[in-house]
Amino acid sequence: MTRTDDVASVMHVRVPAGLPEPAYREVLELLAEISPVVQALPPGAAVVELRGALRYFGVPAARLCERARVRSLARLSVDLRIGLAPTWALAATASARAPEHGGLVTVEPGQVAGFLAPLPVDALHGIGPAQAAALTDYGVHSVGMLAALPPATIQRVLGGRAGRLAADRARGIDPRPVTPRALPLSAAVRHRFERQEMDGAAVRARLLDLVVRLAATLRTRDQVARGLTLQLDFAAGARWSRTLRLPEAAAHDEDLRAAAYRLMDRAGLQRGRLVGLLVRAEDLVAAGAAAEQITFDHSREMRLRAEQAVDRANRRFGPGSVGPAALLHRAA
């Protein structure tokens, strides 16, 4: 599909420099909650097509960008630099202008020329240091000056293909589509406690919340997990992590909850003081590719039907609108 510039729907995301690879993958998982069309640009960026999400959520694209940033801060303590624009290169140029500590820069279709013109040539996405030096030697110091040149002149300075790309991007033109890569082989959710917690009702309730969120993410992506990892972070900086192989690939709340509770029991915390939890679904496969045993357990069938109803309600009214009573009781 060729990109058009009738709406700002491309979100380019930059994560903080040096972010560990597991945390980067968690950011990708978070972005996939907003739109399934996510293209990872490792090690520290991603580009997201929001057109389908605009129809699904019924809110402006800028609102979705802010939602992604707030969720990343709340769940991962990672602030994002986001650019929103009609095309990939323009969105990447915008995200580079966002504050270093995190923020959003939006370029609407009617603002493209005004946004690009005053920028130095090396601020244009795709222009490297050698190309910027060549343009500066030629007397071209801003993107506006670059856009005013005939494409043939730019090609003589930078070469054929590089010149064509620079001429197009200086005018806000970039026909590349966002191409989602294969879904990652794991999915993770985490929580940081506001104060140190010991194994008890508060920890179990938070673990249940993580499991429910993780299972819902897997079902949304039509994937199932063949393993589950629980990671416990302690106040003194110590970390405990174990992985449990599931008897059957699953994405149901009760299957993942049972595995998570077994892992928590194995930890034998006693008086360990927790500051964080992480639950990761491992060895993911497409739901249709996994064998599913036939069950004659009527109670389980009823619980799975209820789970489907909860998923429908949360899609309609927002994630977390319906969930386990234990979580709703604690929130109240």
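Residues numbered from 1 in each chain as written. Predicted model: local features only at pLDDT ≥ 70, side-chain atom pairs only at ≥ 80, totals over all residues. Heavy atoms only, no water.

A. Structural detail: the overall build of the protein. Per the secondary structure count, the protein includes 13 helices and 10 strands. In terms of principal-axis extent, the alpha carbons of the protein reach across some 75 × 45 × 35 Å. Expressed as a percentage of the 332 residues in the protein, the buried residues total 47%. For the protein, restricting intrachain contacts to residue pairs at least 6 apart in sequence, the fraction spanning at least 24 positions comes to 66%. Looking at the protein, you have 44 positive and 33 negative side-chain charges, and the mean spots of the two groups are 1 Å apart. (Helix = DSSP H or I, 4+ residues; strand = E, 2+ residues; numbered from the N terminus. Buried < 20%, exposed > 50% of the residue type's maximum accessible area, 1.4 Å probe, protein only. Contact = heavy atoms within 4.5 Å. Lys, Arg positive; Asp, Glu negative; His and termini not counted. Charge placed at Lys NZ, Arg CZ, Asp CG, Glu CD.)

B. Focus on the nonpolar core. Counting 34 residues, the largest nonpolar core has Leu218, Leu230, Leu232, Met264, Leu274, Leu277 and Val279 as the members making the most contacts within it. Within the residue set of this core, elements represented by two or more residues are β6 (187–198), α10 (201–220), β7 (223–234), β8 (239–250), α11 (253–267) and β9 (273–282). Considering every element that reaches this core, the biggest residue donor is α10, with seven residues. Residues contacting Leu274, with those up to four places away along its chain left out, are Phe193, Arg195, Gln196, Glu197, Val203, Leu232, Asp233, Phe234 and Leu269. (Core = buried A, V, L, I, M, F, W, Y, C linked by side-chain atoms within 4.5 Å.)

C. Quick peek at the pattern of salt bridges. What the rule picks out here adds up to 21 salt bridges. The salt bridge partner of Asp265 is Arg204, with a shortest N-O separation of 2.9 Å. Of this pair, Asp265 sits in helix α11 while Arg204 sits in helix α10, and the two are 61 residues apart along the sequence. The class for Asp265 is exposed, based on a relative accessible area of 52%. A relative accessible area of 22% means that Arg204 is categorised as partly exposed. Taken together, the shared-partner salt bridges in this structure form one network comprising Arg219, Asp253, Glu307 and Asp311. (Salt bridge = Lys/Arg side-chain N within 4 Å of Asp/Glu carboxyl O.)

D. Just the sheet that holds strand β4 (residues 81–85), in detail. Across the sheet, which stays open at both edges, the five strands sit in the order β2-β3-β1-β4-β5 with mixed pairing between neighbours. The sheet is open, and its two borders are formed by β2 (38–41) and β5 (103–106), each paired with just one other strand. Averaged over all neighbouring strand pairs, the angle between strand axes comes to 15°, with direction disregarded. Sheet topology places β4 next to β5; four bridges connect them, and they run parallel. Each bridged residue has a counterpart across the sheet, and for Ile82 the counterpart in β5 is Leu104. Along the sheet face, helix α4 (residues 88–96) touches β1 (10–14), β2, β3 (45–49), β4 and β5 and points at about 40° away from the line of β1. (Pairing = 2+ DSSP bridges. Axes fitted to C-alpha atoms, helices over the stretch in contact; angles between N-to-C directions.)

E. Layout of the packing of helix α1 (residues 21–34) against helix α3 (residues 61–76). Running from amino to carboxyl end, α1 crosses α3 at an angle of 140°, the nearest separation of the two axes being 10 Å. Taken together, the axis directions place α1 and α3 in an arrangement best described as oblique. Handedness of the crossing formed by α1 with α3: right-handed. Residue-level inspection shows Glu26, Val27, Leu30, Leu31, Glu33 and Ile34 of α1 in contact with α3, the latter providing Leu64, Arg67, Ala68, Arg71, Ser72, Arg75 and Leu76. Its residues assigned to classes, the contact of α1 with α3 shows seven nonpolar, one polar and five charged. (Parallel < 35°, antiparallel > 145°, perpendicular 65-115°, else oblique. Left-handed = near helix turned anticlockwise from the far one by under 90°. Nonpolar A, V, L, I, M, F, W, Y, C, P; charged D, E, K, R; others polar.)

F. Region of interest: the pairing of β7. Counting buried positions along β7 gives 11 out of 12 residues, so the element sits mostly inside the fold. Bridge count between β7 and strand β10 (residues 285–286): two bridges; the pairing is antiparallel. What sits directly across from Val224, in β10, is Val285. Across eight bridges, β7 lies against β8 in antiparallel orientation. Among the inter-strand pairings, Asp233 is bridged to a residue of β8, identified as Arg239. Between β7 and β8, which pair antiparallel in sequence order, lie four residues; one of them, Gly237, sits at a positive phi of approximately 95°.

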